[in-house]
Amino acid sequence: MDDGLRIPLAVLRRRADPRLVRRTVELDDMHVGEVVVVDGRVDVDFEVEARGLDVVVSGEVRARWLGACRRCLGDVGGDLDLRVQEVLSVDCGVPGRSDAGPEGSTGGVVESGDVYSLDGAEADLEPVVRDVVLLALPLSPLCVEDCVGPDPDRFPTVGATGLDEEARGEEVPVDSRWAALDVLRAPEE
Ligand SMILES: [Zn+2]
């Protein structure tokens, strides 16, 4: 929770110019699975403007993430630098966000077309920041594009050869970490 992202509507509506919101916030629970935003820290650089009853937020957020490579489990990390363009609206009708638009886009630009609700006396930008960053986190990162895994000679992870051999009924090496599961196999008839 960071009050730096709550702006009184009265302040926004009194001003003709957009209000600049430039700060670093630390948000709780900023992760998707094992991929975490480092310290939950996000650099926010927004222009926030009242437009009629709505509030328009545009600008950028930046964050650093860390996770584990999906093949070798080594550390992997990266930086997010994302464009933001969102609307907070009193007419949105439901509390929280509505999913009025199509599926959020992937890639560097997040313009989901979703509308955030405005209620009470403040514009709360935290849900905007949270959604933009969490949607952009990689779900199953790789340390390098052609990572070969922890032990490529015994347990190849690239190519489909393992699957082919299995389909032909040939013996394929099995990771010893799975050995405990052998007891679950049905006995031979
Ligand atoms: Zn790796």
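Below, the structure is looked at part by part.

Each value, and the rule that gives it
- Residue numbering note: each chain is counted from 1, following its sequence as written.
- In view of the model being predicted, local features appear only for residues whose pLDDT reaches at least 70, and side-chain atom pairs are presented and counted only at 80 or more, with totals across whole chains, interfaces and linings using the full set of residues.
- The side-chain figures draw on all heavy atoms in the structure; neither hydrogens nor water molecules are used.
- Donor atoms: N, O and S within 2.8 Å of the metal, or within 3.2 Å for Na, K and Ca. Because water is excluded, sites can look incomplete.
- Irregular is the label for any site that misses the other tests, which are tetrahedral for four donors with all angles between 85 and 135 degrees, and square planar for four donors or octahedral for six when opposite donors exceed 155 degrees and the remaining angles lie between 65 and 115.
- A 1.4 Å probe rolled over the protein chains alone gives each residue an accessible area, and that area as a share of the maximum for its type sets the label: buried under 20%, exposed over 50%, partly exposed in between.
- A strand pair is defined by DSSP finding two or more bridges across the two strands.
- For helices the rule is a DSSP run of H or I covering at least 4 residues; for strands it is a run of E covering at least 2, with both sets numbered from the N terminus onward.
- Buried residues of nine kinds, namely Ala, Val, Leu, Ile, Met, Phe, Trp, Tyr and Cys, make up a nonpolar core once their side-chain atoms join them within 4.5 Å.
- The contact rule is simple, with two residues in contact once any of their heavy atoms fall within 4.5 Å.

## Section: the coordination of the zinc ion
- Around the zinc ion, the donor atoms from the protein are Cys69 (SG), Cys72 (SG), Cys143 (SG) and Cys147 (SG), and they sit 2.3 Å away.
- Bound by four donor atoms, the zinc ion shows angles of 106 to 113° at the metal and therefore tetrahedral coordination geometry.
- What makes cysteine 69 buried here is its relative accessible area of 0%.
- For cysteine 147, a relative accessible area of 5% gives the class buried.

## Considerations on the pairing of strand 6 (residues 75-89)
- Pairing analysis gives 14 bridges linking strand 5 (residues 54-68) to strand 6, with the strands arranged antiparallel. Within strand 6, the position partnered with tryptophan 65 by the bridge is glycine 78.
- Across three bridges, strand 6 lies against strand 9 (residues 115-117) in parallel orientation. Directly across from leucine 88, in strand 9, lies its bridge partner tyrosine 116.

## Comments concerning the nonpolar core
- Within the largest apolar cluster, 37 residues are counted, with the highest numbers of intra-cluster contacts made by Phe46 and Val61.
- Where this core is concerned, the elements lending two or more residues are helix 1 (9-14), strand 2 (19-26), strand 4 (35-51), strand 5, strand 6 and helix 2 (126-136).
- A total of six residues in this core trace back to one element, the largest contributor, which is strand 4.
- Apart from the residues lying within four places of it in its own chain, the contact partners of valine 61 are Val42, Asp43, Val44, Phe46, Leu80, Asp81, Leu82, Val84, Val129, Val132 and Val133.

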